[in-house]
Amino acid sequence: MDRMPHDDLETVRLAFREGMAKLAAAVSIVTTNGPGGLAGFTASAVCSVTDTPPTLIVCLNRSSSVAAIFDRNRSLCVNTLASGREALSRLFGGSTPQQERFAAGEWLPGKTGAPRLTDAIVSFDCDVESSVESGTHRVLFCRVIDIAHGQEDDEALVYFRRRYHRIR
Ligand SMILES: Cc1cc2nc3c(=O)[nH]c(=O)nc-3n(C[C@H](O)[C@H](O)[C@H](O)COP(=O)(O)O)c2cc1C
């Protein structure tokens, strides 16, 4: 097994990215709507923290076009994608105007007002309770206030080795 060198920051960064490409992850569209406006982005950096109280974290790049909108709104909805939604993931993955991103899906307002994707496997509507900055990213601690479930036989969309896969 190759060891991670410690003397060159760029080498370490690339080694980390190569390592993380092997960590299979669910793909979610994280949305928000409020005084800051409407926004959404694709995220694989979503993780459970605790069920008491129900809390998850979302890691958001501070330099992304949506970061200021999430900062302002302080609420969001994590919509976990079913297989077959690769195109939506790419669309929300950057560089596309927000209206164009949302036009590609069907949405209903959740309790917080954040758009809930109607064909998501599961959607977590959340208040953002706090955040911590770490390097280029902001870690958002999200208190789940409502959950909507998709169909029992939904297949999951998973990102692994920089490609999309489906699992039952
Ligand atoms: C599969 C996938 C996973 C991603 N995961 C994250 C993530 O967890 N956090 C993040 O800040 N950006 C993530 N991105 C990138 C954002 O979706 C992208 O930066 C965001 O849409 C903002 O882009 P913009 O600045 O062009 O609007 C991911 C993109 C893809 C395609």
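Residues numbered from 1 in each chain as written. Predicted model: local features only at pLDDT ≥ 70, side-chain atom pairs only at ≥ 80, totals over all residues. Heavy atoms only, no water.

Asker: Could you clarify how one ought to interpret the packing of aromatic side chains in this entry?
Answerer: Working definition: an aromatic ring pair is given by the centre-to-centre distance plus the angle between the planes. Scanning all chains against the criterion turns up five aromatic pairs. Ring geometry for Phe41 against Phe70: centres 5.3 Å apart, planes inclined by 85°, an arrangement best described as edge-to-face. With Phe41 in strand 3 (residues 37–43) and Phe70 in helix 2 (residues 67–73), the pair connects residues that are 29 residues apart, well separated along the chain. Here Phe41 falls in the buried class, since its relative accessible area comes to 9%. The exposure class of Phe70 is buried, given its relative accessible area of 3%. Cluster of aromatic residues (ring-pair linked, three or more members): Phe92, Phe102 and Trp107. (Phe/Tyr/Trp six-rings, centres within 6.5 Å; stacked < 30°, edge-to-face > 60°. Helix = DSSP H or I, 4+ residues; strand = E, 2+ residues; numbered from the N terminus. Buried < 20%, exposed > 50% of the residue type's maximum accessible area, 1.4 Å probe, protein only.)

Asker: Would you explain the sheet that holds strand 5 (residues 54–61) in this entry?
Answerer: Ordered by their spatial adjacency, seven strands build an open sheet running 3-2-6-9-10-5-4, and the pairing between neighbours is antiparallel. At either end of the open sheet lies a strand with only one pairing partner, and these are strand 3 and strand 4 (46–51). Strand-to-strand, the axes of this sheet are offset by a mean angle of 30°, without reference to chain direction. Across 12 bridges, the pairing between strand 9 (residues 122–134) and strand 10 (residues 137–149) is antiparallel. Looking across to strand 10, one finds that Ser123 is bridged to Ala148. (Pairing = 2+ DSSP bridges. Axes fitted to C-alpha atoms, helices over the stretch in contact; angles between N-to-C directions.)

Asker: Would you take a moment to explain the pairing of strand 6 (residues 75–80) for this structure?
Answerer: Consecutive side chains along a regular strand alternate between the two faces of the sheet. Across the six residues of strand 6, six count as buried, placing the element largely inside the fold. A two-sided burial pattern is seen for strand 6, the buried positions comprising Ser75, Cys77 and Asn79 on one face and Leu76, Val78 and Thr80 on the other. Two elements, strand 2 (residues 28–34) and strand 6, share four bridges in a ladder whose sense is antiparallel. Across the sheet, residue Val30 finds its bridge partner in strand 6, namely Val78.

Asker: Sorry if this is basic, but what is going on with the site of the ligand here?
Answerer: Residues in contact with the ligand amount to 18 residues; listed here are only the nearest, Cys59, Asn61, Ser65, Phe92 and Ser95. Separating an oxygen atom of the ligand from a backbone N or O atom of Ser95 is a distance of 2.8 Å. At a separation of 2.9 Å, an oxygen atom of the ligand approaches a polar side-chain atom of Arg101. Contact with the protein chains removes 78% of the 630 Å² of surface that the ligand exposes when unbound. (Near = heavy atom within 4 Å. Polar contact = N/O pair within 3.5 Å; in protein donor to acceptor, adjacent residues only side chain to side chain. Areas by Shrake-Rupley, 256 points an atom, 1.4 Å probe, with all protein chains shown as cover.)

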